[in-house]
Amino acid sequence: DRPIKYEVVDRTTMKAVATFEDLYAAAITPDEAAVVTLGKDGLHQYDLASGQRSNTTRLDRTGNAVAVSADGLRIAVAHRPTKDELEALPGLRNQKDAIKAALKLGQVVTIYDRHTLAPVTTLDELFDKVFRLEYSPDGKDLWIHAKPHTRKGGNPNPNQCYVSVADAVTNTMKRTSFPSLAQYEPDFRISPDGSLFAIGSQNGRFMEVHLYDRATGGMKDRFVLSYRIFEKMFTKAEFPSDGRLSFVFLPDGKRMLLTFGNRLVEWTYTP
């Protein structure tokens, strides 16, 4: 919930073309014409060409995560819930104690019309603290990365987080969910053909990449980044790791590149 500074950087010149102070989240629209900002005074849209903030489309309600749909028509925002919103959720109806707890620790995700900011719908699920909202590049999914509050009971591992999936067209929740035990916010993305979902995780000392069937949520494979990989190398240059893992699928649909300290590791996940 701590506001930070955001910058929009021109990838050609590597210079900032827009700077925003004290924001909880921000997202560039797919046409790169505007920036959606989420701060203490609510949600606003800025035109990148003029640098002017739109006074006709604003939302006074704030939150801590925002995403713009692939077609640019919808904006998803993670909010602290109201009592009315919680009472409308099927899983919480007539449960006073659960609603009381959810008001303190839960969040809801609401979809808005980008041009009017009129609410379209609220996803029919209560979430833990949402750290990141992202629409998939193919426009099919809305990914909700959340993590239980440290005060929430029943969570045996404090690093446990998950990515829930909503249908970006119908705005309904799917049954797939992808867990992670990463110490930091995990990297996640889909394969070039859209059939696989990969997410960073950790098991004890070693970071891992877990590979799932995107449609069913079933795990297909995993890659463990262990220092043993380099034990028999002729030269052992230092490759310290801070516990953060990033990766990218290669266009051939067979390989992935992963970071490991100052190393770049290639994994052929499809023999």
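Structure's up top.
Quantities reported herein were computed from a predicted structural model and do not represent experimental measurements. (Residues numbered from 1 in each chain as written. Predicted model: local features only at pLDDT ≥ 70, side-chain atom pairs only at ≥ 80, totals over all residues. Heavy atoms only, no water.)

Draft legend 1. Region of interest: unusual backbone geometry. Backbone geometry at Asp22 places phi at a positive 55°, although glycine is not the residue there. With respect to the helices and strands, the residue Asp22 is situated in strand S2 (residues 16-28). The partly exposed category is assigned to Asp22, whose relative accessible area is 44%. Positioned with a positive phi, Asn171 is a non-glycine residue whose angle comes to about 60°. With respect to the helices and strands, Asn171 occurs in the loop between strand S11 (161-167) and strand S12 (173-180). (Helix = DSSP H or I, 4+ residues; strand = E, 2+ residues; numbered from the N terminus. Buried < 20%, exposed > 50% of the residue type's maximum accessible area, 1.4 Å probe, protein only.)

Draft legend 2. Looking closely at the packing of aromatic side chains. Inspection of the entire model under this criterion finds 9 aromatic pairs. With centroids separated by 5.9 Å and ring planes inclined at 20°, the aromatic side chains of Phe188 and Phe197 adopt a geometry described as stacked. With respect to burial, Phe188 and Phe197 carry one shared label: buried. Ring plane angle 90° and centroid distance 5.5 Å describe the contact between Phe249 and Tyr269, whose orientation is recorded as edge-to-face. Placement of Phe249 in strand S17 (residues 247-249) and of Tyr269 in the segment after strand S19 (263-268) is noted, with a sequence separation of 20 residues between them. A single burial state applies to Phe249 and to Tyr269, both of which are buried. Each residue in the set Trp143, Phe178, Phe188, Phe197 and Tyr212 is aromatic and connected to the rest through ring pairs, giving one cluster. (Phe/Tyr/Trp six-rings, centres within 6.5 Å; stacked < 30°, edge-to-face > 60°.)

Draft legend 3. How the structure looks around the nonpolar core. Among the nonpolar cores identified, the biggest contains 17 residues, and Val109, Leu123, Val130, Leu133, Leu142 and Ile144 are the most heavily contacted of them. Elements with a minimum of two residues in this core: strand S5 (65-68), strand S6 (74-79), strand S7 (108-113), strand S9 (129-135), strand S10 (141-147) and S11. Among the nonpolar cores identified, the runner-up in size contains 16 residues, and Phe247, Phe249, Met256 and Tyr269 belong to it. (Core = buried A, V, L, I, M, F, W, Y, C linked by side-chain atoms within 4.5 Å.)

Draft legend 4. Quick look at the pairing of strand S16 (residues 219-225). Bridge analysis of strand S15 (residues 206-213) against S16 gives 6 bridges, and the strand direction is antiparallel. Bridge assignment links Met207 to a residue of S16, and that residue is Leu225. (Pairing = 2+ DSSP bridges.)

Draft legend 5. Examining the side chain of Gln45 more closely. Structurally, the position occupied by Gln45 is in strand S4 (residues 42-47). For Gln45, the side chain forms a polar contact with the main-chain oxygen of Arg114, separated by 2.8 Å. Excluding anything up to four places from it in sequence, Gln45 contacts Val35, Val36, Gln52, Arg53, Ser54, Thr57, Ile75, Arg114 and Leu117. (Polar contact = N/O pair within 3.5 Å; in protein donor to acceptor, adjacent residues only side chain to side chain. Contact = heavy atoms within 4.5 Å.)

Draft legend 6. Region of interest: the sheet that holds S7. The strand order S5-S6-S7-S8 describes an open sheet built from 4 strands, whose pairing is antiparallel. Two strands lie at the open edges of the sheet, namely S5 and strand S8 (119-122), each paired on one side alone. Looking at each pair of strands side by side, their axes are set apart by 20° on average, direction ignored. Of the strand pairs in this sheet, S5 and S6 are connected by 4 bridges, and their pairing is antiparallel. The residue bridging Val68 from the neighbouring strand is Ile75, located in S6. (Axes fitted to C-alpha atoms, helices over the stretch in contact; angles between N-to-C directions.)

Read these as spatial facts, not as claims about activity.
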